[in-house]
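# Per-entry structural report
One letter stands for each residue in the lines below.
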Amino acid sequence: FTDPSGVAGRKFGVERGWKPEDAEMSPYLKLFGMLFGLGAWATLPAVIGGYIGNPLVPQPWIEDALAVGQQKGRFPGNALDIADDGTITNKFTELPLVGGWERRPLELATLRLQNMMGVSIAKWKDLAPSEEALKDGVLTQLGGCVVVDSSNGEELFKWRDPGICAVANFEDVVKDLA
């Protein structure tokens, strides 16, 4: 499903970013301000966490996503050694002192770079919001996640992003659904 105007997100209650009512300011300038935490308080902690890692919270999906990007030829493509039989060696595990952490330093930042270069920038013409969508504020509107039971509509999980890169943790979703 797509929502080019962001109406569904606003009804779900997601944040609209920095200066959502300022029609004169460029949406790209608003997005730049958000990268420093303006209108999206959790952006800097989430971004910094991608660089410094986390010794306590496992996020195995990161390695899986790196493998997918690497197999699709996205830059950087050297974070993992992928053998012909599909066996993966994560080079971040070789880092001194922190290689045994659940999320190693630079691991998530590398995935974000891979997605930025291989998806966002490489496919910007296909992904860019229309002028109308820019006026609606979709470039700076944050996202969220909701999981409902299809048999009765009961809400099973809900998350609203508090910043850029501050998204629902897949493992938390699975744990809450178990």
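Just so you know, these numbers come straight off a predicted model, no measurement behind them.

So, how was this worked out
Residues numbered from 1 in each chain as written. Predicted model: local features only at pLDDT ≥ 70, side-chain atom pairs only at ≥ 80, totals over all residues. Heavy atoms only, no water. Core = buried A, V, L, I, M, F, W, Y, C linked by side-chain atoms within 4.5 Å. Buried < 20%, exposed > 50% of the residue type's maximum accessible area, 1.4 Å probe, protein only. Helix = DSSP H or I, 4+ residues; strand = E, 2+ residues; numbered from the N terminus. Contact = heavy atoms within 4.5 Å. Patch = residues over 30% accessible without salt bridge, like charges linked within 9 Å, V, L, I, M, F, W, Y side chains within 5 Å. Areas by Shrake-Rupley, 256 points an atom, 1.4 Å probe, with all protein chains shown as cover. Salt bridge = Lys/Arg side-chain N within 4 Å of Asp/Glu carboxyl O.

## Some points on the nonpolar core
Ranked by size, the top nonpolar core spans eight residues in total: I62, L66, A67, A79, L80, F92, L108 and L111. When contributions to this core are tallied by element, the ones reaching two or more residues are helix 4 (61–71) and helix 5 (107–121). The greatest single-element share of this core, amounting to three residues, is contributed by helix 4. Residues within four places of A67 in sequence aside, it is in contact with L80, I82 and I88.

## Observations concerning the side chain of Q70
Turning to its location among the elements, Q70 is positioned in helix 4. Contacts of Q70, omitting those with residues within four sequence positions, involve G77, N78, A79, L80, I82 and Q114.

## Let's talk about a nonpolar patch on the surface
A surface patch of nonpolar side chains, about 470 Å² in accessible area, is lined by L44, I48, Y51, I52 and L106. Since its relative accessible area comes to 48%, Y51 is described here as partly exposed.

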